[in-house]
Amino acid sequence: MKEHNSLRSRGRGDHEVSAVESGPFQGGWADTSRKLPLLTGAAYASKRRSTVSERFPGERIVIPSGGLKARSNDFDYAFRPHSAFVHLTAELGTQAVPDSVLVFEPTGTGHTITLFTRPRSPRDGGPRGSEFYSDRRYGEFWTGRRRTLSETSAALGIEAAVREDLQQALSRNVPTRVLRGVDAHVDAMVPSTACSDAELNSFLSELRLVKDEWEVAQLRSAVDWTVAGFCDVVGEVRQATRLARGERWIEGTFNRRARLGGYGLGFETIAAAGTHACVLHWTRNNGPVREGDLLLLDAGVEADSFYTADVTRTLPVSGRFTDVQRRVYDLVSAAQSAGVAALRPGARYGDFHDAAMGVIAEGLDAWGLRPHGSTASTPESDMYRRYTLCGSGHMLGLDCHDCASARRETYLDGELEIGHVLTVEPGLYFQPDDLTVPAELRGIGIRIEDDFVITPDGAQCLSSELPRTAEDVENWIASLR
């Protein structure tokens, strides 16, 4: 059929539709510009930018947000900026613009800082005048309104410029460090200096180790919504038992709360029933939820500010633990309590893991479980990695496993400080085919995880509203059924 002045769809490789030279999109547009207040997190982000400027005098620093990633042909995954970019801008999930780049340009006294970004689609018929309706990936007719440059500047407290000016801005020959691997176009604009760029990456990660009061408030909000999601799930467990893929019902129940209360999920929800609880990152969530089994739910809401919670509870589907399930649960609960007791400023980061593993080792010893035999040469707690495998916690913040690029001496071998936020999550996982354990234990997987902020007196549990002991969990389930 012959096309007359119509918009023709194209694939992802050519994501524009044909521009109409005149007619339906020309003129008649109202002035919809807005006066936006400074975002609540912007003042804190400004202090972080000052710290970056002080650390790298005389050098240009380039921090990309990253861009869109195709999911299938002409649809993209939801955009999520790089955490270092978010940390230095306080940008919100609902407003984040793909392909933005934060540039620190050195001056004699510090840096000028500019955010190169994509402004809202114009309606004036200029060079980008057809983007509004013809660009399927960025046009506002397709994807919604963006802020103008002046609105972005007002909201974030940063000078804003169009992304097209970035190449020229990077043309001056000064020492430049780039957060690599985030934006291929930016990587190509600036020759790599591997050592310098790696140092920048580590510094930006370590800058997030100690959370300020605004960040802790964001994490509290994320945890509060996560607690609400767990309560939703407990109320839906009985319905899940009626479905062939009940894990999907559990997953969907929590995910709905995450989208209602925040930007979405901090990570893919783990809704692991029965033997699936022995898989640390079970996200297929395609199994049944059966009476008599355990349901391990590991989930977290990501706030609109991108800060995420990370909480785990293991629930008896029938409402009450069996004797064997409770024996394992109580040991994991005791291990977590020991780990929590080790949280305090000045303690080695690894102390809480060692404390938790000591309890696990002592308990399994009492049960006669020594998987490598009594003559094993490995330290006693390491003997039980067959049943525990992973560490007992991690830093938490903009990433679920936050600050992962920090140097070992400042994180894994460092000391806890006031403002650190981390999880404590010991677990026991007896694989269904593990002949080193009694048959009654096989297929039982239990993890208990809570989020903590280090305080002058020790640590405060952000997720304390969720019941934790076996008895409290059973009473909680009974109250919500």
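Basis of the calculations
- Residues numbered from 1 in each chain as written.
- Predicted model: local features only at pLDDT ≥ 70, side-chain atom pairs only at ≥ 80, totals over all residues.
- Heavy atoms only, no water.
- Helix = DSSP H or I, 4+ residues; strand = E, 2+ residues; numbered from the N terminus.
- Rg over C-alpha atoms; globule rule 2.2 N^0.38 Å.
- Contact = heavy atoms within 4.5 Å.
- Areas by Shrake-Rupley, 256 points an atom, 1.4 Å probe, with all protein chains shown as cover.
- Lys, Arg positive; Asp, Glu negative; His and termini not counted.
- Charge placed at Lys NZ, Arg CZ, Asp CG, Glu CD.
- 1 Å grid on protein atoms, 1.4 Å probe; cavity = no way out; pocket = protein on both sides within 12 Å on 5 of 7 lines; lining within 4 Å.
- Points joined across faces, edges and corners; volume = space filled by probe spheres on them.
- Nonpolar A, V, L, I, M, F, W, Y, C, P; charged D, E, K, R; others polar.
- Phe/Tyr/Trp six-rings, centres within 6.5 Å; stacked < 30°, edge-to-face > 60°.
- Lys NZ or Arg CZ within 6 Å of the ring centre and 35° of its normal.
- Pairing = 2+ DSSP bridges.
- Axes fitted to C-alpha atoms, helices over the stretch in contact; angles between N-to-C directions.
- Salt bridge = Lys/Arg side-chain N within 4 Å of Asp/Glu carboxyl O.
- Buried < 20%, exposed > 50% of the residue type's maximum accessible area, 1.4 Å probe, protein only.
- pLDDT = per-residue confidence, 0-100.
- Expected span 1.5 Å × (residues − 1).
- Bend = angle between axes of the 7 residues up to and from the residue.
- Polar contact = N/O pair within 3.5 Å; in protein donor to acceptor, adjacent residues only side chain to side chain.
- Parallel < 35°, antiparallel > 145°, perpendicular 65-115°, else oblique.
- Left-handed = near helix turned anticlockwise from the far one by under 90°.

## A look at the overall build of the chain
Okay, so step 1: Scanning the chain from N- to C-terminus turns up 14 helices and 17 strands.
Okay, so step 2: A compact globule built from 481 residues should have a C-alpha radius of gyration of about 23 Å, and the chain, at 26 Å, falls within 12% of that.
Okay, so step 3: Restricting the contact set of the chain to residue pairs at least 6 apart, pairs at least 24 apart contribute 69%.
Okay, so step 4: Summed over its atoms, the accessible surface of the chain is roughly 21700 Å², and 50% of this surface lies on carbon and sulfur atoms.
Okay, so step 5: Within the chain, one finds 54 positive and 66 negative side-chain charges whose respective centroids are separated by 5 Å.

## Here's the deal with empty space enclosed by the protein
Okay, so step 1: Applying the stated rule across the entire model yields three cavities of 30 Å³ or more.
Okay, so step 2: The computed volume of the largest cavity comes to approximately 70 Å³.
Okay, so step 3: Listed by contribution, the elements that provide at least two residues to the lining of the largest cavity are α12 (351-366) and β14 (427-429).
Okay, so step 4: The dominant element in the lining of the largest cavity, judged by the number of residues it contributes, is α12, at three residues.
Okay, so step 5: The residue makeup of the lining of the largest cavity, split by class, is six nonpolar, four polar and one charged.

## A short note on the packing of aromatic side chains
Any aromatic ring pair is given by two values, namely how distant the centres are and how the planes are angled relative to each other.
Okay, so step 1: Applying the stated criterion across every chain, the model contains 14 aromatic pairs.
Okay, so step 2: Taking 5.8 Å as the distance between ring centres and 85 degrees as the angle between the ring planes, the aromatic pair formed by W214 and Y307 counts as edge-to-face. Of the two residues, W214 is situated in helix α9 (residues 213-240) and Y307 in the loop between β11 (301-302) and β12 (311-316); the sequence distance between them amounts to 93 residues.
Okay, so step 3: Among the aromatic residues, those joined into a cluster by ring pairs are F25, W29, F132, Y133 and F141.
Okay, so step 4: One residue, R118, lies across the ring of Y138, its end atom 3.7 Å from the ring centre.
Okay, so step 5: Over the ring of W29 we find R123, and its NZ or CZ is 5.3 Å from the ring centre.

## Let's talk about the sheet that holds strand β9 (residues 270-273)
Okay, so step 1: Strand order in the open sheet made by the three strands is β9-β10-β12, with antiparallel pairing throughout. A single partner strand is all that each edge strand has here, and the edge strands are β9 and β12. Each strand of the sheet is rotated relative to its neighbour by a mean of 10 degrees, with strand direction disregarded.
Okay, so step 2: In the sheet, β9 pairs with strand β10 (residues 294-299) via four bridges, with the strands oriented antiparallel. Its bridge partner lying in β10, I270 is registered against D298.
Okay, so step 3: Seen against the sheet, helix α10 (residues 246-261) touches β9 and β10 and runs at an angle of roughly 150 degrees to β9.

## What about the pattern of salt bridges?
Okay, so step 1: Here the structure, examined in full by the defined rule, presents 37 salt bridges.
Okay, so step 2: Two residues, R123 and E140, come together in a salt bridge whose shortest N-O distance is 3.6 Å. One end of the pair, R123, is in the loop between β5 (111-117) and α3 (131-134); the other, E140, is in helix α4 (residues 140-143), and 17 residues separate them in sequence.
Okay, so step 3: Several salt bridges converge on common partners, so that one network encompasses R55, E59, R177 and E199.

## As for unusual backbone geometry
Okay, so step 1: The backbone phi angle of N73 is positive, close to 50 degrees, even though this residue is not glycine.
Okay, so step 2: Residue classification places N73 among the partly exposed positions, given a relative accessible area of 49%.
Okay, so step 3: The backbone of D99 shows a phi angle near 70 degrees, a positive value even though the residue is not glycine.
Okay, so step 4: Its place among the elements puts D99 in the loop between α2 (83-89) and β4 (101-106).
Okay, so step 5: Its relative accessible area of 14% is what places D99 among the buried residues.

## Observations regarding the confidence of the model for the chain
Okay, so step 1: Per-residue pLDDT for the chain averages 93, and the proportion of residues at 70 or more is 93%.
Okay, so step 2: Note on residues 1-14: pLDDT is under 50 here. Beyond four places in sequence and across chains, it has 23 contacts.

## A short note on α9
Okay, so step 1: Across its 28 residues, α9 extends 39 Å between first and last C-alpha, which sits within 8% of the 40 Å expected from 1.5 Å per residue.
Okay, so step 2: Roughly 35 degrees is the biggest bend found in α9, and it falls at V234.
Okay, so step 3: For α9, the capping residue at the N-terminal end is D212, with a side-chain oxygen 3.1 Å from the backbone nitrogen of W214.

## Quick notes on the packing of helix α11 (residues 323-341) against α12
Okay, so step 1: Packing of α11 against α12 leaves a shortest axis separation of 7 Å and a crossing angle of 150 degrees. Regarding the angle of α11 to α12, the classification is roughly antiparallel. You can see that α11 and α12 cross each other, and the crossing is right-handed. Contacts between α11 and α12 involve L331, A334, A335, A338 and G339 from the former and F352, A355, A356, V359, I360, G363 and L364 from the latter.
Okay, so step 2: In terms of residue class, the contact of α11 with α12 is made up of ten nonpolar, two polar and no charged.

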